[in-house]
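This is what each chain is made of:
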Amino acid sequence: MREAPTWRIPFGVLALCVTLGLYGMAVATWIAPLIQRWPALLQTPVYIVLGVVWLLPLKRFLIWMETGRWG
């Protein structure tokens, strides 16, 4: 258990919120216009993949927030 608070947790939460907001805006700006004419059944897997992709680097980021190491 951590004895003293660290700057990494509030910074990490803020960075995560900003990054996810930017990612969402990028998807809405660039991907949505490309697939808007596709049938909903084809759009669904694209949005599912894009909704899961941001989770890939999350584990290492959360480890860094807790320990200060990237691995």
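On a predicted model such as this, the values are computed, not experimentally measured, just so you know. (Residues numbered from 1 in each chain as written. Predicted model: local features only at pLDDT ≥ 70, side-chain atom pairs only at ≥ 80, totals over all residues. Heavy atoms only, no water.)

Points about the packing of aromatic side chains
This is how the line gets drawn: What counts as a ring pair is set by centres within 6.5 Å for rings of Phe, Tyr and Trp (its six-membered ring), and what kind of pair is set by the plane angle: stacked under 30 degrees, edge-to-face over 60, tilted for all other angles.
Applying the stated criterion to the full structure yields 6 aromatic pairs. Pairing Trp64 with Trp70 gives two aromatic rings, centres 5.4 Å apart and planes at 10°, and the pair type is stacked. An aromatic cluster is present here, built from Trp7, Phe11, Phe61, Trp64 and Trp70 joined pairwise through their rings.

Re a nonpolar patch on the surface
The following threshold applies: Patch definition: residues with relative accessible area over 30% and no salt bridge; like charges joined within 9 Å; nonpolar side chains (Val, Leu, Ile, Met, Phe, Trp, Tyr) joined within 5 Å. Per-residue and other accessible areas follow the Shrake-Rupley method at a 1.4 Å probe size, with only the shown protein chains counted as cover for residues. Only one rule defines a salt bridge in this text: a Lys or Arg side-chain nitrogen within 4 Å of an Asp or Glu carboxyl oxygen. The helix and strand labels rest on DSSP assignments: H or I over at least four residues marks a helix, E over at least two residues marks a strand, and numbering proceeds from the N terminus.
A contiguous nonpolar patch, built from Val18, Leu22 and Met25 and spanning about 300 Å² of accessible area, is present on the exposed surface. Its location among the elements puts Val18 in helix H1 (residues 8–35).

Side note on the side chain of Arg8
Under the convention used in this document: Partly exposed describes any residue whose relative accessible area lies between the buried limit of under 20% and the exposed limit of over 50%, with all areas from a 1.4 Å probe on protein chains only and scaled to the type maximum. Two residue types count as positive, namely Lys and Arg, and two as negative, namely Asp and Glu; His and chain ends fall outside the count. Each polar contact in these results corresponds to two N or O atoms within 3.5 Å; when the atoms are within protein, one needs to be able to donate a hydrogen and the other to accept it, and residues that are neighboring in sequence are counted only if both atoms are side-chain atoms. Note on contacts: a residue pair is in contact if any heavy atoms of the two residues lie within 4.5 Å.
Mapped onto the fold, Arg8 is located in helix H1. In this structure Arg8 is buried but unpaired, with Glu66 as the nearest side chain of opposite charge at 7.0 Å. Of note is the side chain of Arg8, whose polar atom sits 3.4 Å from the backbone oxygen of Met65. Within the structure, the side chain of Arg8 is placed 3.5 Å from the backbone oxygen of Glu66, a separation counted as a polar contact. Apart from residues no more than four positions distant in its own chain, Arg8 is found in contact with Trp64, Met65, Glu66, Thr67 and Gly68.

Topic: the packing of H1 against helix H3 (residues 58–67)
Rule in force here: Lines fitted to C-alpha atoms define the axes here, with helix axes fitted over just the stretch in contact, and angles between the N-to-C directions of these axes take values from 0 to 180 degrees. Each angle receives one of four descriptions, namely roughly parallel if under 35 degrees, roughly antiparallel if over 145, roughly perpendicular if within 65 to 115, and oblique otherwise. Helix crossings get a hand from a simple test, with the near helix turned counterclockwise from the far one by less than a right angle marking a left-handed crossing and a clockwise turn marking a right-handed one. Residues are grouped as follows: Ala, Val, Leu, Ile, Met, Phe, Trp, Tyr, Cys and Pro are nonpolar; Asp, Glu, Lys and Arg are charged; every other residue, Gly included, is polar.
Look at H1 against H3: their axes get within 8 Å of each other, and the N-to-C directions meet at 155°. Viewed along their axes, H1 and H3 adopt a mutual orientation that is roughly antiparallel. By crossing handedness, the relation of H1 to H3 is classed as right-handed. Counting all contacts with H1, which are made through Arg8, Ile9, Phe11, Gly12, Val13, Ala15 and Leu16, the residues of H3 involved are Leu58, Phe61, Trp64, Met65, Glu66 and Thr67. Here the contact of H1 with H3 is composed, by residue class, of 9 nonpolar, 2 polar and 2 charged.

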